[in-house]
There are 2 protein chains.
Amino acid sequence: MKTFNIGELSAQSGVASHAIRFYERENLMPDPARTQSNYRRYPEDAIARLQFIIHAKQWGFTLEEIRELLMLQDANGDRAEAKRIASEQLEKIRHQIQSLSRIEAVLSKTLEECSGEGPMDGCPIVEAIAQER
Amino acid sequence: MKTFNIGELSAQSGVASHAIRFYERENLMPDPARTQSNYRRYPEDAIARLQFIIHAKQWGFTLEEIRELLMLQDANGDRAEAKRIASEQLEKIRHQIQSLSRIEAVLSKTLEECSGEGPMDGCPIVEAIAQER
DNA sequence: ATTGACCTTAAAGTTAACTTTAAGGTTATG
DNA sequence: CATAACCTTAAAGTTAACTTTAAGGTCAAT
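Residues numbered from 1 in each chain as written. Chains lettered and ligands numbered in written order. Predicted model: local features only at pLDDT ≥ 70, side-chain atom pairs only at ≥ 80, totals over all residues. Heavy atoms only, no water.

(A) A look at the protein's contact with DNA strand C. In the vicinity of DNA strand C there are 18 residues, among which Gly7(A), Arg21(A), Arg40(A), Tyr23(B) and Ser37(B) approach most closely. Taking Ser37(B), its side chain carries an N or O atom lying 2.7 Å from a phosphate oxygen of DNA strand C. Elements that contribute at least two residues to the surface near DNA strand C include exactly α1 (6-13) of chain A together with α2 (17-25) of chain B. The dominant element in the surface near DNA strand C, judged by the number of residues it contributes, is α2(B), at four residues. Its residues assigned to classes, the surface near DNA strand C comprises eight nonpolar, six polar and four charged. (Near = heavy atom within 4 Å. Polar contact = N/O pair within 3.5 Å; in protein donor to acceptor, adjacent residues only side chain to side chain. Helix = DSSP H or I, 4+ residues; strand = E, 2+ residues; numbered from the N terminus. Nonpolar A, V, L, I, M, F, W, Y, C, P; charged D, E, K, R; others polar.)

(B) Quick look at the relation of the copies chain A and chain B. Superposing chain A onto chain B takes a rotation of 180° plus a shift of 0.0 Å along the axis, which leaves an RMSD of 0.1 Å. These values place the two chain copies in the arrangement generated by a two-fold rotation axis. Residue Ile97(A), judged by its C-alpha, is the member of chain A lying nearest the rotation axis, at 2.9 Å. Mapped onto chain B, 100% of the interface residues of chain A are again interface residues, and the two copies thus contact each other with one and the same surface. (Least-squares fit on C-alpha atoms with pLDDT ≥ 70 in both. Contact = heavy atoms within 4.5 Å.)

(C) Representation of the packing of helix α1 (residues 6-13) of chain B against α2(B). Residue and element names in this part refer to chain B. Viewed as axis vectors pointing N to C, α1 and α2 meet at an angle of 100°, and their least axial separation amounts to 9 Å. With respect to their mutual orientation, α1 and α2 come out roughly perpendicular. Along the contact surface, α1 presents Ile6, Gly7, Leu9, Ser10 and Ser13, while α2 presents Ser17, Ile20 and Arg21. Here the contact of α1 with α2 is composed, by residue class, of three nonpolar, four polar and one charged. (Axes fitted to C-alpha atoms, helices over the stretch in contact; angles between N-to-C directions. Parallel < 35°, antiparallel > 145°, perpendicular 65-115°, else oblique.)

Now the structure itself:
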């Protein structure tokens, strides 16, 4: 089995060495084996674990939530817990979409109304923001 | 004309006194008049300015962008500039919506596939995150 | 044997947008 | 006149998720 030092793992995973050490301190990555000279030695599956972290981040999970998911995996925990975490994430995402969509509607309408010419005084954009709600 | 000290302005606007001073340092609020005892004295329109800031924040503008908009207003600058700033903001919001919608689709589909029962091993949620793309 | 590219740790810096703390002056009330 | 509730400034702390710096040990190549 191939093993990697931290620089090689960094190159394979696209995660900076310092970030990998940070994940270790934050208990997202397990303490790796060490060489005689105290260098970290990673097994191949460390790449997959880092990619899991990257993807979960892209999905909007916080490191805290990712740590929970990884701990469930490591402990072969309860699937219901993972579902709860992911469901909460889905709810958050849906709220964000709703909120952004409302803003998008008003902002795009406002931009259509603004010619983009003339002085600031009476600018529909400014007036839309200044509007009480 | 009524004037306010910072605590009254805070109560009227819903923005904490310290945040108001912070906005002053950050050039979002103009340096106010002072009493003999060096207390800040605000005119009524300070309330509207703070509300403009609050609303712009709700629309997702950064303080930096809000400062730009306020400077344009204060200088009675060019409406085209305001339109550019708002257009960029609209683009950002649309990208966020797109990105979140993609995540929402995959995540909700994954959640449907996961019974929420049994051990983590083989959990569709974990597998969906671990998936290469 | 020396250079350069790695690796180690611990600690401090980054960003945004504040909040909190510290140490003290002022004003209103009983 | 004392006490509480204001106000002042400057500086440090907060959060997330790292990055950067400092000071030094190790390894591969020339």
